[in-house]
Amino acid sequence: MTSTGIAVFAYNRPDHLKRVLSGLQRNDVEHVYIFTDGARNEQDQQRVSEVREIIDQIEWCRTTVTAHERNIGLAESLTGGIERVFEDHEQIIVLEDDCVPAPNFVSFMNTSLERYADDERVMNVNGYSPPVEIPDNYPYDVYFTYRSSSWGWGTWRSAWEHFERDPLTVEELERKKNELKRITDKAGKDLYPMMRAQLEGSIDSWAVWWSFAIAANDGLCLNPVDSKVRNIGHDGTGTHTGESDKYDVNLDTTPVNELDFPEEPFVDSEINSRYNQFIGSGDRSGLKQYGAELLKRMGLWN
């Protein structure tokens, strides 16, 4: 089995991080890479210090910790951290500090990464799956979409090589609008507006470009029918979101060896349509608010 690096990214939510780490401990992991950002201001310093104390107290696995002295932002921390893990591993599993994994999360991710490692069509494995209705006659325990989620996800070094931050200018985006929308709309009609908002500075995201890279390369994303991750960030503690239970799910604990995977990846058009409809059903009253809501919902907002 190819070794997989597990990375956790944290900032200033010690209680959330405790729950994420407790979930990982139940997954019996042996080694975790942890990346913590520096405080933005004096008000955040105490909670940042508490986060680092929690990390220092981990005894149930080996850790490799990168603690930034200054605040570099989630996008820089995460992309740099991924590159660091890929120095040691061919595969990566990524969790942020509000994504609590089920006890079978790592096993599910590793099984999925191994199963489709040689299939270039599959570029991303999503651990979180939104509460969309799956047709009763759908025979598998996973499904494929064109859209990535970063609420607990994984990929391969070879796929990540397609990632590029801000690969277009605003002018290029507008000039190629029709062509780009043909590429991105299959991953959700909200993706092109978010790309534009990112380039214009209305939002700040790294993961919108990962979604774009997957769509531009005809990539697929594997999703569990029953989610292996619960996001606990919609409790009013997030910088850009209030309280909501819309995205809550019941964590699945089925042994991975009992799950049915298709031999060949394919996209069920009905499931993909429901998936895109769910992630694109945000507030459109203003582009900045719309972008923030959509991006934070799927873990894309910095």
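Quick summary incoming for the structure in this document. (Residues numbered from 1 in each chain as written. Predicted model: local features only at pLDDT ≥ 70, side-chain atom pairs only at ≥ 80, totals over all residues. Heavy atoms only, no water.)

## Description of the packing of helix α1 (residues 14-25) against helix α2 (residues 42-56)
Going by this rule: Only the stretch in contact is used when fitting a helix axis, every axis being a line fitted to C-alpha atoms; angles between N-to-C directions are given from 0 to 180 degrees. Only DSSP runs of H or I covering at least 4 residues are called helices, and only runs of E covering at least 2 are called strands; the numbering of each starts at the N terminus. Geometric relationships in this document are graded by angle, where less than 35 degrees denotes roughly parallel, more than 145 denotes roughly antiparallel, 65 to 115 denotes roughly perpendicular, and other angles denote oblique. Left-handed is the label given to a crossing in which the near helix is rotated counterclockwise from the far helix by less than a right angle, and right-handed is the label when the rotation is clockwise. Any two residues whose heavy atoms approach within 4.5 Å at even a single point are treated as in contact. Following the grouping adopted for this structure description, the nonpolar residues are Ala, Val, Leu, Ile, Met, Phe, Trp, Tyr, Cys and Pro, the charged ones are Asp, Glu, Lys and Arg, and the polar ones are all others, Gly among them.
At their nearest, the axes of α1 and α2 sit 9 Å apart, and the two run at 20° to each other. The angle between α1 and α2 falls in the class roughly parallel. Remark: the crossing between α1 and α2 carries right-handed chirality. Taking contact as the criterion, the partners of Pro 14, Leu 17, Lys 18 and Leu 21 in α1 are, on α2, Arg 47, Glu 50, Val 51, Ile 54 and Ile 55. For the contact of α1 with α2, the per-class residue count stands at six nonpolar, no polar and three charged.

## Structural notes on the sheet that holds strand β7 (residues 142-145)
Rule in force here: Whether two strands pair depends on DSSP finding at least two bridges between them.
Strand order in the open sheet made by the eight strands is β3-β2-β1-β4-β8-β6-β9-β7, with mixed pairing throughout. Among the strands making up the open sheet, the edge pair consists of β3 (62-67) and β7. Taking the axes of each pair of neighbouring strands and ignoring which way they run, one obtains an average angle of 25° across the sheet. Examined bridge by bridge, strand β1 (residues 4-10) and strand β2 (residues 31-36) share four bridges and lie parallel to one another. Residue Ala 10 lies in a different strand from β2, and its bridge partner there is Thr 36. The sheet strands contacting helix α10 (residues 269-279) are β6 (122-126), β7 and β9 (220-224), and the helix crosses β7 at an angle near 70°.

## Points about helix α3 (residues 73-85)
Filter applied, for reference: To estimate how far a helix should reach, multiply one less than its number of residues by 1.5 Å. Exposure categories follow from relative accessible area, calculated using a 1.4 Å probe and restricted to protein chains: below 20% of the type maximum is buried, above 50% is exposed, and the middle band is partly exposed.
Here α3 spans 18 Å end to end across 13 residues, near enough to the 18 Å set by a 1.5 Å rise per residue. Among all positions of α3, only Gly 73, Ala 75, Ser 77, Leu 78, Thr 79, Gly 81, Ile 82 and Val 85 are buried.

## Some thoughts on the environment of Trp 209
Threshold: Here a polar contact is taken to be a pair of N or O atoms separated by no more than 3.5 Å, where protein atoms must pair a possible hydrogen donor with a possible acceptor and residues adjacent in sequence count only if both atoms sit in side chains.
Structurally, the position occupied by Trp 209 is in helix α9 (residues 207-216). What Trp 209 contacts, discounting residues up to four positions off in sequence, is Phe 163, Glu 164, Arg 165, Asp 166, Pro 167, Met 195, Gln 198 and Leu 199. Polar contacts involving the side chain of Trp 209 include one to the side chain of Asp 166, which spans 2.8 Å.

## Re the side chain of His 89
Within the secondary structure layout, His 89 lies in the loop between α3 and β4 (91-96). Residue classification places His 89 among the buried positions, given a relative accessible area of 11%. Separated by 2.7 Å, the side chains of His 89 and Ser 3 make a polar contact. Among the polar contacts made by the side chain of His 89, one reaches the side chain of Tyr 33 at a distance of 3.0 Å.

## Considerations on the nonpolar core
Rules: To qualify as a nonpolar core, a set must consist of buried Ala, Val, Leu, Ile, Met, Phe, Trp, Tyr and Cys residues joined through side-chain atoms within 4.5 Å.
The biggest cluster of nonpolar side chains holds 86 residues, and the ones touching the most others in it are Phe 108, Trp 206 and Trp 210. Not counting the four nearest positions on each side in its chain, Phe 108 is found in contact with Val 125, Asn 126, Val 142, Leu 222, Pro 224, Lys 228, Val 256, Leu 259 and Phe 261.

## Points about unusual backbone geometry
Positive phi values are uncommon outside glycine, yet Asp 28 reaches one of about 55°. Assignment of secondary structure puts Asp 28 in the loop between α1 and β2. For Asp 28, a relative accessible area of 64% puts it in the exposed group. Despite not being glycine, Asp 166 has its phi angle at roughly 50°, a positive value. Mapped onto the fold, Asp 166 is located in the loop between α5 (157-160) and α6 (170-175). By relative accessible area, Asp 166 is classed as partly exposed at 41%.

## Describing the pairing of β4
For β4, a buried count of six out of six residues is recorded, marking the element as mostly surrounded by other parts of the structure. Neither face of β4 is left uncovered, since the one carrying Gln 91, Ile 93 and Leu 95 and the one carrying Ile 92, Val 94 and Glu 96 both have all their residues buried. Pairing analysis gives six bridges linking β1 to β4, with the strands arranged parallel. When the sheet's bridge partners are listed, Val 8 is paired in β4 with Leu 95.

## As for the packing of aromatic side chains
As a reminder of what qualifies: Each aromatic pair joins two rings of Phe, Tyr and Trp (for Trp, the six-membered one) with centres within 6.5 Å, and gets the label stacked for planes under 30 degrees apart, edge-to-face for over 60, and tilted for any other angle. In this scheme, Lys NZ or Arg CZ marks a charge over a ring once it lies within 6 Å of the ring centre and within 35 degrees of the ring normal.
Under the defined criterion, the tally for this structure stands at 16 aromatic pairs. For the ring pair Trp 160 and Trp 210, a centre distance of 4.9 Å and an interplane angle of 55° mean the geometry is tilted. Remark: Trp 210 occurs in helix α9 and Trp 160 occurs in helix α5; sequence separation between them is 50 residues. The residues Trp 160 and Trp 210 share a single accessibility class, namely buried. Ring pairing ties together the aromatic residues Trp 153, Trp 160, Phe 163, Trp 206 and Trp 210, which thus form one cluster. Over the ring of Phe 108 we find Lys 228, and its NZ or CZ is 4.8 Å from the ring centre.

## Observations concerning the pattern of salt bridges
For the record, the criterion: Criterion for a salt bridge: a side-chain nitrogen of Lys or Arg within 4 Å of a carboxyl oxygen of Asp or Glu.
Evaluated as defined, the whole model comprises 18 salt bridges. Here Lys 186 and Asp 218 are joined by a salt bridge, their closest N and O atoms 2.9 Å apart. Remark: Asp 218 occurs in the loop between α9 and β9 and Lys 186 occurs in the loop between α7 (177-184) and α8 (191-200); sequence separation between them is 32 residues. Residues Arg 196 and Glu 200 are paired through a salt bridge, measuring 3.0 Å at the closest nitrogen-oxygen approach.

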